[in-house]
Amino acid sequence: DVVVSFSVPTSGWQAVQVCKKLGVPLVLRALDVSHKIRKSALSPLIKVAEKYIYKNAAWVSANNPAMLDYCLSLGAKRAKGSVELPPLDVGRFSVTTANTTKLKAQLEIPSSANVCLYMGSFFYFSGLPELITAFAKNRKEDEYLVLVGGGEQEAELRQLTAQLEIDAWVRFAGFVSFEDLPQYLSLATVAVNPMHRSVVSNAAFPNKVIQYMAAKRPVVSTRLDGLVQTFGEDSSLIYVDSSEGVYHAAQKLYASPGLGKIGESNLQIVNEKFSIENAVKAMGHRLEQLIG
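Residues numbered from 1 in each chain as written. Predicted model: local features only at pLDDT ≥ 70, side-chain atom pairs only at ≥ 80, totals over all residues. Heavy atoms only, no water.

Chemist: Teacher, can you tell me more about helix α13 (residues 276-291) here?
Modeler: Within an α-helix, residues lying three or four positions from one another point in the same direction, as the helix has 3.6 residues per turn. A rise of 1.5 Å per residue sets the reference length of α13, with its 16 residues, at 22 Å; its end C-alpha atoms lie 22 Å apart and thus fit the reference within 8%. Taken residue by residue, α13 has A279, M283, R286 and L287 as its buried positions. Down the axis of α13, the smallest arc covering the buried residues is 95°, so these residues share one side. Seen from the open side of α13, the exposed residues pointing more than 90 degrees away from its buried face are E277, K281 and E288. In this fold, the buried residues of α13 make contact with β1 (3-5), β2 (26-30), β3 (59-62) and β4 (81-83). (Helix = DSSP H or I, 4+ residues; strand = E, 2+ residues; numbered from the N terminus. Expected span 1.5 Å × (residues − 1). Buried < 20%, exposed > 50% of the residue type's maximum accessible area, 1.4 Å probe, protein only. Arc of directions from axis to C-beta. Contact = heavy atoms within 4.5 Å.)

Chemist: Would you explain the environment of V176 in this entry?
Modeler: One can find V176 in the loop between β7 (170-174) and α7 (181-185). Note on V176: relative accessible area 24%, which makes it partly exposed. In this structure the C-alpha to C-alpha distance between V176 and S235, which are 59 residues apart in sequence, comes to 29 Å. If we ignore the near neighbours within four places in the chain, the residues touching V176 are V148, L181 and Y184.

Chemist: What is the right way to look at the sheet that holds β7 in this model?
Modeler: Two pairing modes exist for strands in a sheet, parallel and antiparallel, and in both the strands are linked by backbone hydrogen bonds. In spatial order, the strands read β7-β6-β5-β8-β9-β10; together these 6 strands make up an open sheet with parallel pairing. With partners counted over all chains shown, the strands left at the sheet margins are β7 and β10 (238-240), one partner each. Taken pair by pair, the neighbouring strands of this sheet meet at an average axis angle of 25°, ignoring direction. On the sheet, helix α6 (residues 154-163) packs against β6 (143-150) and β7 and is oriented at approximately 160° with respect to β7. Where helix α9 (residues 207-214) meets the sheet, its contacts fall on β5 (114-121), β8 (190-193) and β9 (219-222), and the angle it forms with β5 comes to roughly 140°. (Pairing = 2+ DSSP bridges. Axes fitted to C-alpha atoms, helices over the stretch in contact; angles between N-to-C directions.)

Chemist: Sorry, what's going on with the sheet that holds β2 here?
Modeler: In spatial order, the strands read β1-β2-β3-β4; together these 4 strands make up an open sheet with parallel pairing. The outermost strands of the open sheet, each flanked by one partner alone, are β1 and β4. On average, each strand axis in the sheet is inclined to that of its neighbour by 25°, with strand direction left out of account. As judged from the 3 bridges shared by β3 and β4, these two strands associate in the parallel manner. Residue pairing for β4: A62 is matched across the bridge by V83.

Chemist: Hey, could you run me through the packing of aromatic side chains in this one?
Modeler: Each aromatic ring pair is characterised by the separation of its centres together with the angle its planes make. Inspection of every chain in the model, using the stated rule, returns 9 aromatic pairs. For the ring pair F135 and Y247, a centre distance of 5.6 Å and an interplane angle of 85° mean the geometry is edge-to-face. Highlighted residues: F135 in helix α5 (residues 128-138) and Y247 in helix α11 (residues 243-253), separated in sequence by 112 residues. Across the pair, exposure class does not vary: F135 and Y247 are buried alike. Here the aromatic cluster, defined as three or more aromatic residues joined through ring pairs, consists of F123, Y124 and F125. A cation over an aromatic ring shows up here: R158 above the ring of F172, its NZ or CZ 4.4 Å from the ring centre. (Phe/Tyr/Trp six-rings, centres within 6.5 Å; stacked < 30°, edge-to-face > 60°. Lys NZ or Arg CZ within 6 Å of the ring centre and 35° of its normal.)

Here it is as structure tokens:
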């Protein structure tokens, strides 16, 4: 009755052609600026595929308003596009204090230490080199930096950490299972998203941010269009203009008496905007419209 595709360069454009021949509506679920995700000689061809799919899909369903704006800029039709926010199983992100204390001990982090935590892929636009450098220059005695994840930048980041002589206070936790992720997030005094502001990061919607919020962590992020348009300027998210500034803002938060209230507010926002029930209802309604 309907096809939903998350693919652009690998099978997306072919699926559009097949669906057109069969008379079956195809919905593109737009999540990323595909030709900018990785540096590649194929990037111009991937952008051509993006344009073709945005113009010819029966519908473009974006995961945030800035992503829809990007699709429209490359030829998607406003009358055939919408925003359906991503779902999150919020209940998975509740944790116990005892388990957090145990994990801190395993990572050799003092129980009283403040932790600045990043979780996600180490992409070239991550902003992590700037975060690590700012940490090295401004770190106080009771602060640690925890990096959960991995990717193309990992060797560079480990080398930078060694050069700055801060290995003793930086923890590379590696990739962790989704089941263990909430426990790692609970380590954070403040969770951060230092991504460079660019076409790819402004249009993307970093799921790490709503996972931080579901874990009741205060969040500092660079001012990305997708986040600002989704949450607004007056939310409990803290926006800054540079990757270096992310660490400075996080450090200022450590001593804030309102940390707990910020975390509770973040959880409430996620419950309201990203519940599985609301996400399934919205997408189901969209698909029924197209089938009809």
